[in-house]
Each structure stands twice: as C-alpha cells, then as structure tokens.
Amino acid sequence: MKNFLFLTVIILLLSACSSKKSLISKAFDKQLSSAFYQNQFTGVLVIDAETKDTIYNNNSNKYFTPASNTKIFTLYAALKTLPVQIPALKYIEINDTLYFEGTGDPSFLHPYIKDSTALKFLQNHSNLVFVLNKFQDKKYGPGWAWDDYQWYYSAEKSALPINGNVVMTYKNPELMVSPSYFKDSVLELTHLNHRNETSNTFYYPPIKKDTLETPFITSNQTTQSILEDLLSKKIGTVSTMPTGEKQTLNGTNADSIYIRMMHESDNFIAELLLLVSAGVLTDTLNGKLTRDYILENELKNLKQEPRWVDGSGLSRYNLFTPQNMVSVLDQLYTLVPQERLFSIFPAGGLSGTLKNRYAGDEEPYVFAKSGSLSNNYCLSGYLVANSGKVLIFSFMNNHFKQSTSEERNRLEQMLQTLRDTY
C-alpha cells in the first residue's frame, strides 16, 4: 500500500511538472513564432537549477553575438583565479628604494570605487622606481569600434590604470579636472569631440554642467607623470624588476569590483580583470592568457567552443551560444552561495542596468546580466519562480531592426510566464 501511494505521488509530481513545461513551451512557441521575431535570430535555453531539467530550448546550440553577456564569462574567470582582495601592486624593496609594477588593478583611484590602497602605500616610501613592460596586451580589444575612443565605455587597458583611465571634467563652480595632471590639457570650448583622436587634448563645452568622462591616451610616461603629480615626488623607471621575491600589496575587496562590473556593465573593469587574472596565473598581463586558461582547463567540457576575444563584450567577434551561457551560470550557481551570487548580478526593478526593468511584485525575481549592441540584445541569469524554484536562463536576440525597448517588453512577458507558471 505504501509503495502504491509513493508511486502515485511520483506520477502526480511528474505529471504536474510535465504540464508546467507544456504550458511554458506553448506560450514561448507562440511568442517566438509571431511576426515580431520573423526577421531576427533568437536563441533560448531555460533549465531548473536543482534538477537540471530543460524547461525550454530553442536554437540554444547556435552562436550569437553576446554583447555584455560576455561579462558572465569574465566574472567566472575572476572568481576562479583571483583572491578575496584584488592584487593592487607587486613590489620589491631594496635598501631604501621601492621597485613596483602594476597588476592591472582597475580600482586604483577609480572614480566610483575610489580605492587608494596603492596610493597610500607609495606615499609611505621616499624612493620609488616604476617597473615598465609588464603590459603585454593591446590597449583596445579586437573588433572595437575605432571612433569610440572618446567615450567612457572604451577606456584603454594598461598595467597600472589610474582613475579608470578617464579624465573627469565638471563644474564646481569652477572647472574641475581629475586627475589634476590633465588640468592644463582641458580647453573650455565647444568642439565636435571631447578629445583629440591622437593626443591628450580635451574639450569641455562652456555651457555644460554635468560630468564628462573621457578616456585618455595611456603610456608608461603618462602613468609616471600622473603618479609624480599625485605623490609630489619624482619616480624613476626601469624595464625589469630586480632579482628577488616579489611581494603583493592586497587592495580592495574583489566583490566590490565584480558588482560594479556587473551592475553598471563597466567595460573597463571587465577588461582589466582579465589582466589581473593573467598576472596571477602567469605573471604576464595579457587577457588572452586568462581566456585560454579558462577555456582549456575550467570550461573544456562546453558543448560548443565559444569564440571569446575580450572581457567586456564590446567586440562583435565574440560568439557564444545560450548553452554556453547557461553552463557557466550553472557552474557559478554551484561555486558561489546564492545570496552572494545574486548580489553580484543586477536585480530586476532594483539595481544596475535592470533597475527599470523586470521588476517583481514585492521582491526581485530576475537576477541577470543584459547585453546590448546595436541590433542585438541578450539577457542571461537566474529567475526565482513563484514556487520558489530557481531557473537558469539565457535569451539571446541578434539582428533585429525593432527598438530594443520592444525587445525587452516581449522578453519580460516570457520571464513573467516562467515566474508564474513553473
């Protein structure tokens, strides 16, 4: 009798689950077969985070341009390779001289993170020597748009970034410039661009009142000069670190950087995190080293091999499948406690790039990373259904001509169906 009741309960549960999946499939199929989706390319994968059952699958093995969904892979790489505190500097002290080199740490006087750990450390040493040639990467990622050079989201990569490698210009009420090293390079006049393409000459319109964040052209000489201005002391340079065991200066808490990257879709931080990881893995600052290591060691079992060319997703050369995204999200769900993981991702209706979208009735139900380029919109992450079950999903949309706002509206309808049905 007990066995009969047990089997009955199992059959009822399986039947209920099958019914839910059937309702979701019918709703999604109807949506995706509508005229709205006819001339675009869409891929969807939804799985149950606990049972790994597939709830819905459409083109999930096809490649898409992921845009900032790429940052999910960057987050995974950082969590797999970096300590709790980001390495801020590496150094060797010989007699009264401190030799130091950059680690790629993006937080050094970053305008929003504002970490001053490295600055205070350098202020406490009289004789400083900056070690060059740690940076073995390119300033821009492959496939980045050349004419984005003046926009905040396209700041250059470097070994020892300062102030997010951007010049902050604003009125208070006088013209304020940070880093102050560039104060004589900002011209208060109306110009077609915010910066000259080939020089660190900046323009701030006289009638403007808000803050401009303009990337500056980086170089070892520029970094040295900014540091000398900040520290009010001369700094020497050498091409290689003296013989000896390097020490590491620990900087800010890594989660604060991850949250900034994921919530604000900070491209600069995403790129620099790959450099920091490469320095931990190999002592060489090159993002490709991190990407290759992660794909060859941590993600070698992905069903489709992605094309992963940068940390931010600015490049249209990146190619990922919804299965790639869900696989990494699934591993993150196992690797990181849920409360911490969900705090790193933007919450629908509450934080980051999802603050004005995907809101729950009382609490957030979507914790996900969006990705936008012209004619492309993707959203991948986690959904908490009304039943309390957690779903892992990836929606990837490419090549549409409709407004991105309408894409989001249609996607929100499908997410609400998941929440209310499963």
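Residues numbered from 1 in each chain as written. Predicted model: local features only at pLDDT ≥ 70, side-chain atom pairs only at ≥ 80, totals over all residues. Heavy atoms only, no water.

### What to know about the sheet that holds strand β7 (residues 175-178)
Read across the sheet, three strands follow the order β7-β6-β10 without closing on themselves; strand pairing throughout is antiparallel. Whereas interior strands pair on both sides, the edge strands pair on one side only; in this sheet they are β7 and β10 (212-215). Each strand axis lies, on average, 20 degrees off the axis of its neighbour in the sheet, ignoring direction. Of the pairings in the sheet, the one linking strand β6 (residues 166-171) to β10 comprises four bridges and is antiparallel in character. When the sheet's bridge partners are listed, T169 is paired in β10 with L212. (Pairing = 2+ DSSP bridges. Helix = DSSP H or I, 4+ residues; strand = E, 2+ residues; numbered from the N terminus. Axes fitted to C-alpha atoms, helices over the stretch in contact; angles between N-to-C directions.)

### Observations concerning the packing of aromatic side chains
The full count for this structure, using the stated rule, is 18 aromatic pairs. In textbook terms, an aromatic cluster arises when at least three aromatic residues are bridged by ring pairs, as seen for Y333, F342, F345, F367 and Y382. (Phe/Tyr/Trp six-rings, centres within 6.5 Å; stacked < 30°, edge-to-face > 60°.)

### Quick word on helix α7 (residues 287-298)
Its 12 residues place the ends of α7 16 Å apart at the C-alpha level, agreeing with the 16 Å of an ideal helix rising 1.5 Å per residue. Listed as buried for α7 are G287, T290, R291, I294 and L295. Down the axis, α7 shows its buried residues gathered within 120 degrees of arc, on one side only. Close packing links the buried residues of α7 with α2 (70-81) and α6 (267-282). (Expected span 1.5 Å × (residues − 1). Buried < 20%, exposed > 50% of the residue type's maximum accessible area, 1.4 Å probe, protein only. Arc of directions from axis to C-beta. Contact = heavy atoms within 4.5 Å.)

### Here we look at the sheet that holds strand β11 (residues 236-238)
Within a sheet, adjacent strands bond to each other through the backbone by hydrogen bonds, running parallel or antiparallel. Strand order in this open sheet of five strands is β11-β5-β4-β3-β12, and the pairing throughout is mixed. Bordering the open sheet on either side are β11 and β12 (247-253), each of which pairs with just one other strand. Each neighbouring strand pair of the sheet contributes to a mean axis angle of 30 degrees, computed without reference to strand direction. Bridging between strand β3 (residues 85-94) and β12 involves five bridges; their strand directions are antiparallel. In the strand pairing of β12, Y91 is matched with Q247. Together, β3 and β12 form the strand contacts of helix α5 (residues 254-264), whose direction differs from that of β12 by roughly 55 degrees.

### Quick word on unusual backbone geometry
What is expected of a backbone is that most residues other than glycine have negative phi and most peptide bonds are trans. Between N172 and the following residue, P173, the backbone shows a cis peptide bond with an omega angle of -20 degrees. Mapped onto the elements of the fold, P173 is located in the loop between β6 and β7. The omega torsion of the bond from S178 to P179 falls at 0 degrees, within 30 degrees of zero and hence cis. For P179, the location among the structural elements is in the loop between β7 and β8 (186-187). The phi dihedral of D283 is positive, around 70 degrees, even though this residue is not glycine. Its place among the elements puts D283 in the loop between α6 and α7.

### Observations regarding the packing of α6 against α7
Contact pair α6 / α7: the axes reach a minimum separation of 7 Å and the direction vectors enclose 75 degrees. One element, α6, and the other, α7, form an angle in the roughly perpendicular class. Every residue of α7 that contacts α6 at L274, L275, S277, A278, L281 and T282 is listed here: G287, L289, T290, R291 and Y293. Tallied by class, residues from the contact of α6 with α7 come to six nonpolar, four polar and one charged. (Parallel < 35°, antiparallel > 145°, perpendicular 65-115°, else oblique. Nonpolar A, V, L, I, M, F, W, Y, C, P; charged D, E, K, R; others polar.)

### Some words on α5
Of all the 11 residues making up α5, eight are buried; the element is thus mostly covered by neighbouring parts of the structure. Those residues of α5 lying buried are A254, D255, I257, Y258, R260, M261, M262 and H263. Capping the start of α5, N253 holds a side-chain oxygen 2.9 Å from the backbone nitrogen of D255, two or three residues further along. Phi for S265, located one or two positions after α5, is positive at around 55 degrees. (Polar contact = N/O pair within 3.5 Å; in protein donor to acceptor, adjacent residues only side chain to side chain.)

### Overview of the packing of α2 against α5
Where α2 contacts α5, the two axes come as close as 11 Å, and the packing angle between them is 175 degrees. Compared by their axis directions, α2 and α5 come out roughly antiparallel. Between α2, through K71, I72, T74, L75, A78 and L79, and α5, the contact on the second element is made entirely by Y258, M261 and M262. Its residues assigned to classes, the contact of α2 with α5 shows seven nonpolar, one polar and one charged.

### Examining the pattern of salt bridges
By the definition in use, this model includes 16 salt bridges. Among the ionic pairs, K52 bridges to D330, the shortest N-O distance being 2.6 Å. Taken together, the residues K52 in the loop between β1 (41-48) and β2 (54-58) and D330 in helix α8 (residues 322-335) connect sequence positions 278 residues apart. For K52, a relative accessible area of 38% corresponds to the partly exposed category. Assessed through its relative accessible area of 18%, D330 is described here as buried. Linking K171 and E188 is a salt bridge whose minimum nitrogen-to-oxygen distance equals 3.0 Å. Linking K171 in strand β6 with E188 in the loop between β8 and β9 (202-203), this pair joins segments that are 17 residues apart in sequence. On the accessibility criterion, K171 (24% relative accessible area) is partly exposed. Taking the relative accessible area as the measure of exposure, E188 reaches 39% and is therefore partly exposed. (Salt bridge = Lys/Arg side-chain N within 4 Å of Asp/Glu carboxyl O.)

### A short note on the side chain of S394
When you line up the elements, S394 lands in strand β15 (residues 390-398). Taking relative accessible area as the criterion, S394 reaches 0% and is therefore assigned buried. Of the polar contacts made by the side chain of S394, one reaches the side chain of S380; its length is 2.8 Å.

Nothing here speaks to function; it is geometry throughout.
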